[in-house]
Amino acid sequence: MKIGTVWDRTTEVLSGRSGQIAAVALPTLVLPPVVNNALVLLVPPQPAVQVVAGIVAVASALLAILGSLAILALATQPSTGRTDAYRQAWARLLPALGVSLVVGLIALVLMAPVFIALIASHFDFAAASAAASAPARMPQLPRATAMFVVLYSLALILLAIWASARLMLLTAVVLNERLGLGAIRRSIALTRGLTWKLIGVLLLFAIVFAIATFAAQAVVGLVFRLILGGDQIPTAMFLAGIAGALASAALMALAYVFTAQLYVATREKPITE
């Protein structure tokens, strides 16, 4: 099977199940960031509001995982309805969260040498933070430490790109094969021979995602600034955030449907192109 065939299957699923997918995406992928933006932009900053914003941020992450699982369920099996998709998503939420935390922990461990090298060289993190937010001179590193940080960080970026491609099916495996940490090895096995193709897909998606979300926010923000005037900038930014959340959710839903069809294809037979 060809990658192009996976895309054809993706468009078929979207054309036939877009209503159900949208019904899942709106409460799980769109609403949480909109609520968070409302708290940040429209509510006066107070300790209680900051606590609520933190709770909303955690809930947003959990809802995003739940939404991804539900959309994957809808896109994997044509017979799955929205209620059953949510049921499957709730059943696999904790395993998916656990696997995500393990992957994140591995990433932190791999990043640890950079921080250890910076601490050992007495790097001034406070001064670096101030330099990033205001015109100031960035603290200097010893040449050897700077070279290590640059080369190691470059290696980590390359590893992250490779891992993103090989773990593209991770959530689909957790959902459909009832695996825990074994889903990592299973995802790597399913994507064997597809690394470069999937890296290309990921890079293309990242470019489209960045351009689309930025354009949606910029255009809507500019329009509402002109309509509402300069004294309503927070409101204009909030409305622009809604446009960005909608664009982001639409693209993420597309990515989940593609991932589901890629998973189905790799289970059936190897992809040749």
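Residues numbered from 1 in each chain as written. Predicted model: local features only at pLDDT ≥ 70, side-chain atom pairs only at ≥ 80, totals over all residues. Heavy atoms only, no water.

### Overview of the overall build of the protein
Thought 1: Each helix and strand in the protein was counted, giving 9 helices and 0 strands.
Thought 2: Each helix (α) and strand (β) of the protein, taken in turn from the N terminus, gives the series α-α-α-α-α-α-α-α-α.
Thought 3: Oriented by its inertia axes, the alpha-carbon framework of the protein measures out at about 55 × 55 × 35 Å.
Thought 4: Per-residue burial for the protein yields a buried fraction of 35% across its 273 residues.
Thought 5: Sequence-distant contacts, at least 24 apart, represent 72% of the contacts inside the protein between residues at least 6 apart.
Thought 6: As displayed, the protein offers around 15,200 Å² of accessible surface, 72% of which is attributable to carbon and sulfur atoms. (Helix = DSSP H or I, 4+ residues; strand = E, 2+ residues; numbered from the N terminus. Buried < 20%, exposed > 50% of the residue type's maximum accessible area, 1.4 Å probe, protein only. Contact = heavy atoms within 4.5 Å. Areas by Shrake-Rupley, 256 points an atom, 1.4 Å probe, with all protein chains shown as cover.)

### So, the environment of L203
Thought 1: Tracing the backbone shows L203 in helix α8 (residues 195-228).
Thought 2: Between the C-alpha atom of L203 and that of A165, which follows or precedes it by 38 residues, the distance is 10.0 Å.

### Some remarks on the confidence of the model for the protein
Thought 1: Overall, the predicted model of the protein reaches an average pLDDT of 87, with 91% of residues at or above 70.
Thought 2: Mean pLDDT per element in the protein: helix α4 (residues 125-133) is the minimum at 61, and helix α6 (residues 170-176) is the maximum at 95. (pLDDT = per-residue confidence, 0-100.)

### Looking at the nonpolar core
Thought 1: Ranked by internal contacts, the top residues of the largest apolar core, which has 49 residues, are I21, L69, I71, L262 and Y263.
Thought 2: Those elements giving two or more residues to this core turn out to be α1 (3-41), α2 (47-76), α3 (82-120), α6, α7 (182-190), α8 and α9 (233-268).
Thought 3: Considering every element that reaches this core, the biggest residue donor is α9, with 12 residues.
Thought 4: Non-local contacts of L69, meaning those with residues more than four positions away in its chain, are made with A89, R92, L93, A96, T171 and L175. (Core = buried A, V, L, I, M, F, W, Y, C linked by side-chain atoms within 4.5 Å.)

### As for a nonpolar patch on the surface
Thought 1: A cluster of nonpolar residues, L105, L108, V109, M111, F115 and I119, forms a patch on the protein surface that exposes about 600 Å² of accessible area.
Thought 2: In this structure, M111 sits in helix α3. (Patch = residues over 30% accessible without salt bridge, like charges linked within 9 Å, V, L, I, M, F, W, Y side chains within 5 Å. Salt bridge = Lys/Arg side-chain N within 4 Å of Asp/Glu carboxyl O.)

### Observations concerning the packing of aromatic side chains
Thought 1: Inspection of every chain in the model, using the stated rule, returns 2 aromatic pairs.
Thought 2: Measuring from ring centre to ring centre gives 5.4 Å for F148 and Y152, while their planes differ by 25°; the resulting arrangement is stacked. Here Y152 and F148 lie together in helix α5 (residues 143-166), a separation of 4 residues that amounts to about one turn.
Thought 3: The exposure class assigned to Y152 is partly exposed, which follows from its relative accessible area of 22%.
Thought 4: Centroid distance F205 to F209: 5.7 Å. Interplanar angle 40°. Geometry classified as tilted. With a gap of 4 residues between them, F205 and F209 both fall in helix α8, about one helical turn apart. (Phe/Tyr/Trp six-rings, centres within 6.5 Å; stacked < 30°, edge-to-face > 60°.)

### Quick word on the pattern of salt bridges
Thought 1: Taken as a whole and judged by the stated rule, the model has 2 salt bridges.
Thought 2: Among the ionic pairs, D84 bridges to R87, the shortest N-O distance being 2.5 Å. Of the two residues, D84 and R87 both sit in helix α3, 3 residues apart, roughly one turn of that helix.
Thought 3: Assessed through its relative accessible area of 27%, D84 is described here as partly exposed.

### Description of α1
Thought 1: Relative to the 57 Å expected for 39 residues at 1.5 Å per residue, α1 spans just 42 Å between its end C-alpha atoms, considerably shorter than the ideal helical length.
Thought 2: R17 marks where α1 bends most, by close to 80°. (Expected span 1.5 Å × (residues − 1). Bend = angle between axes of the 7 residues up to and from the residue.)

### Regarding the packing of α8 against α9
Thought 1: α9 packs onto α8 with a crossing angle of 160° between their chain directions and a minimal axis gap of 7 Å. One element, α8, and the other, α9, form an angle in the roughly antiparallel class. In terms of crossing hand, the pair formed by α8 and α9 is right-handed.
Thought 2: By residue class, the composition of the contact of α8 with α9 is 22 nonpolar, 7 polar and 1 charged. (Axes fitted to C-alpha atoms, helices over the stretch in contact; angles between N-to-C directions. Parallel < 35°, antiparallel > 145°, perpendicular 65-115°, else oblique. Left-handed = near helix turned anticlockwise from the far one by under 90°. Nonpolar A, V, L, I, M, F, W, Y, C, P; charged D, E, K, R; others polar.)

### Examining the side chain of S60
Thought 1: Relative to the helices and strands, S60 resides in helix α2.
Thought 2: Beyond its immediate sequence surroundings of up to four residues, S60 is in contact with P32 and P33.

### Things to note about unusual backbone geometry
Thought 1: Even without being a glycine, R178 presents a positive backbone phi close to 50°.
Thought 2: Position of R178 relative to the elements: it lies in the loop between α6 and α7.

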